[in-house]
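A closer look at the structure
The primary structure of each chain is shown beneath.
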Amino acid sequence: MVSAIKAREKGHDVVVIERNNRCGKKLLLTGNGRCNFYNNDMKLDYFFSNDMKEFEVIFNKKSGEVLDFFKSLGLVEKSINGYLYPYSKQSKSVLSLLIKRMENLGVKFIYDSYVSGIEKKGEKFKVITDKNEYIFDKVIVSTGSKVLEKTGSDGSGYKLVSALGHTIKPVLPSLVQLIGSSDYRLWAGARSDVILSLYENEKFVKSESGEVQLTDYGISGICTFNLSGIVSRGLYSGKSEVIYIDFAPWFSGDVREFSEYLKEKYEELNMSLRDMLSGFLNERVVVLFLKLLGSANDFDKLASLVKEFKFEVKATKGFSDAQVCTGGVPLSEIDASTMESLKVKGLYLTGEILDVDGICGGYNLGFAWMSGLIAGESV
C-alpha cells in the first residue's frame with residue numbers, strides 16, 4: 001500500500017493485485033487490533049538480518065521519514081512507553097487512511113485474485129492470476145511471509161521470487177511461544193515479571209526482561225518472543241537452546257546470596273515455605289517449585305529454582321502461532337538503496353519476504369513501511 005501511494009504520486013499507473021476481498025487484512029490484526037505501527041526508539045539493534053550492512057542502508061535512508069509519511073495521511077499517533085499506535089487505538093484507522101489515499105490518487109485494485117506466477121517477458125512482466133493475465137513494466141512483491149495463513153500469508157511469495165532466480169534463507173517462526181522439554185501443567189496460567197537469559201550451546205547470547213506467560217507447554221509473552229528468532233535459527237542449526245529464568249529480579253545478588261536470604265527469611269518469619277514463597281511468587285509457580293524441591297528445606301536448590309530456573313527449549317510453536325518469520329530473500333540479492341532485485345531488473349521486493357525481522361514493538365511493520373517507501377519512490 002505504501003509502495004502504491006509513492007509510485008502513484010510520481011505519476012505512474014499503479015495496480016494492486018490482492019488475493020483477499022480487501023487490502024490490509026493482516027494489518028487489522030496487529031497490536032491486538034490496535035496497530036502498534038512504529039516505535040519512538042527505532043534502532044538497528046532491534047533487527048536481525050544475515051546482511052546487516054545492506055539493512056543499515058535501508059534503515060538510514062527511511063527510518064526517519066516513516067512518521068512524516070503517516071502524518072501526511074492524517075494519522076495522529078499515541079505513544080505508550082515508546083510504542084506508537086493510532087490515537088484511536090484501532091488498526092482500521094491506519095488502514096482506512098492508507099486506502100483513502102490510494103483511492104484519492106487513482107490507484108486501481110484487483111481483488112479476489114491469487115497470483116500464481118510472475119514471468120519476465122523481454123522488458124515486461126506477465127503476472128498470472130487464477131482469473132487473468134496482466135502485463136506490467138515493473139512489479140513490486142509485497143506478499144509478506146507465511147504466518148497468519150488465514151489472512152492470505154501462505155508463503156506463496158517465496159515461490160514466486162524463487163521461480164525468478166532468488167534464493168531463500170530458511171524461513172522459520174519468530175515472535176512465537178517456546179516449548180519446553182518437561183511437563184509444566186502446574187504453572188499453566190501464571191504470569192511473572194522475570195529476566196530470561198538465553199544460552200546457545202552453553203554460551204550466553206542475550207537477556208530479556210518483562211512479563212512471562214507460563215503455559216502447560218512452556219513460556220510465552222513479549223520477552224519470550226524477543227528471544228524466539230534466535231532460538232528458531234539455533235534449533236534449525238542443531239544447537240542446544242536453554243533459557244534460565246530469574247523469578248526474583250528484584251534481588252540483585254547471586255544464587256548463593258539468595259539462598260542465605262531465603263534461609264534468614266524462613267527463620268525470621270516463622271511460617272511455612274509455601275507461605276513464605278507466596279510473598280513474591282505466583283501461587284502456581286510455588287506449587288511447581290515445591291514439587292521439584294521435595295520434602296527437604298533445601299535452600300540452595302530452592303534458590304537455584306527461583307533465580308536460575310533451567311528451561312530447556314525443545315521447539316518453537318509453529319507458523320500459525322507466530323507473528324513474523326525469520327529468513328527469506330537475502331538482502332544481498334537486492335539493491336538496498338532502491339529495493340530492486342539484482343537478479344531481475346524491474347522487480348522490487350519489500351517487507352517480510354526479505355530476510356529481516358525485528359523484536360516486538362512496531363519494528364516489523366517499521367521495516368515494511370521503510371522498504372515500501374523506498375520501492376515506491378524508486379520504480
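Residues numbered from 1 in each chain as written. Predicted model: local features only at pLDDT ≥ 70, side-chain atom pairs only at ≥ 80, totals over all residues. Heavy atoms only, no water.

**Quick word on unusual backbone geometry**
Among all residues save glycine, negative phi is the norm, and among peptide bonds the norm is trans. The residue D112 is not glycine, and still its phi comes out positive at about 55°. Looking at the element boundaries, D112 is found in the loop between strand 6 (108-110) and strand 7 (115-121). Even without glycine at this site, N201 takes up a positive phi of about 50°. With respect to the helices, strands and loops of the structure, N201 is situated in the loop between strand 13 (191-200) and strand 14 (203-214). (Helix = DSSP H or I, 4+ residues; strand = E, 2+ residues; numbered from the N terminus.)

**Observations concerning the pairing of strand 18 (residues 324-328)**
Within strand 18, five of the five residues are buried, which leaves the element mostly enclosed by the surrounding structure. The pairing of strand 11 (residues 169-174) with strand 18 spans four bridges and is classified as antiparallel. Directly across from S174, in strand 18, lies its bridge partner V324. (Buried < 20%, exposed > 50% of the residue type's maximum accessible area, 1.4 Å probe, protein only. Pairing = 2+ DSSP bridges.)

**Some remarks on the sheet that holds strand 8 (residues 124-129)**
Within the open sheet, the three strands sit side by side as 7-8-9. Their pairing is antiparallel. Only two strands of the sheet have a single neighbouring strand rather than two, namely strand 7 and strand 9 (133-136). Taking each pair of neighbouring strands and ignoring which way they run, the sheet shows an average axis angle of 20°. Examined bridge by bridge, strand 8 and strand 9 share four bridges and lie antiparallel to one another. Among the inter-strand pairings, F125 is bridged to a residue of strand 9, identified as F136. (Axes fitted to C-alpha atoms, helices over the stretch in contact; angles between N-to-C directions.)

**Looking at the pattern of salt bridges**
In a structure, side chains of opposite charge can pair up when their charged atoms sit close to one another. Tallied over the entire structure, the rule returns 21 salt bridges. Between K43 and D41 there is a salt bridge whose closest N-O contact spans 3.8 Å. A salt bridge links E65 to K62, with the nearest nitrogen and oxygen atoms 2.7 Å apart. By relative accessible area, which is 35% here, E65 ends up partly exposed. Salt bridges linked by common partners bring K6, E9, K62, E65, R101 and E377 together as one network. (Salt bridge = Lys/Arg side-chain N within 4 Å of Asp/Glu carboxyl O.)

**Regarding helix 4 (residues 91-105)**
Compared with an ideal rise of 1.5 Å per residue, which puts 15 residues at 21 Å, helix 4 spans 22 Å between its outermost C-alpha atoms and is within 8% of the ideal. On its buried face, helix 4 is in contact with helix 1 (2-9), strand 1 (15-17), helix 3 (66-73), strand 5 (83-86), strand 6 and helix 11 (363-378). At the C-terminal side of helix 4, G106 shows a positive phi close to 90°. (Expected span 1.5 Å × (residues − 1). Contact = heavy atoms within 4.5 Å.)

**As for the pairing of strand 13**
With 10 bridges connecting them, strand 13 and strand 14 associate as antiparallel partners. Across the sheet, the residue bridging to R191 is Q213, located in strand 14. With antiparallel pairing between neighbouring strands as the criterion, strand 13 and strand 14 make up a hairpin whose turn holds two residues, including N201 at a positive phi of roughly 50°. Alignment of strand 13 against strand 16 (residues 241-246), held across six bridges, turns out to be antiparallel. What sits directly across from L198, in strand 16, is I243.

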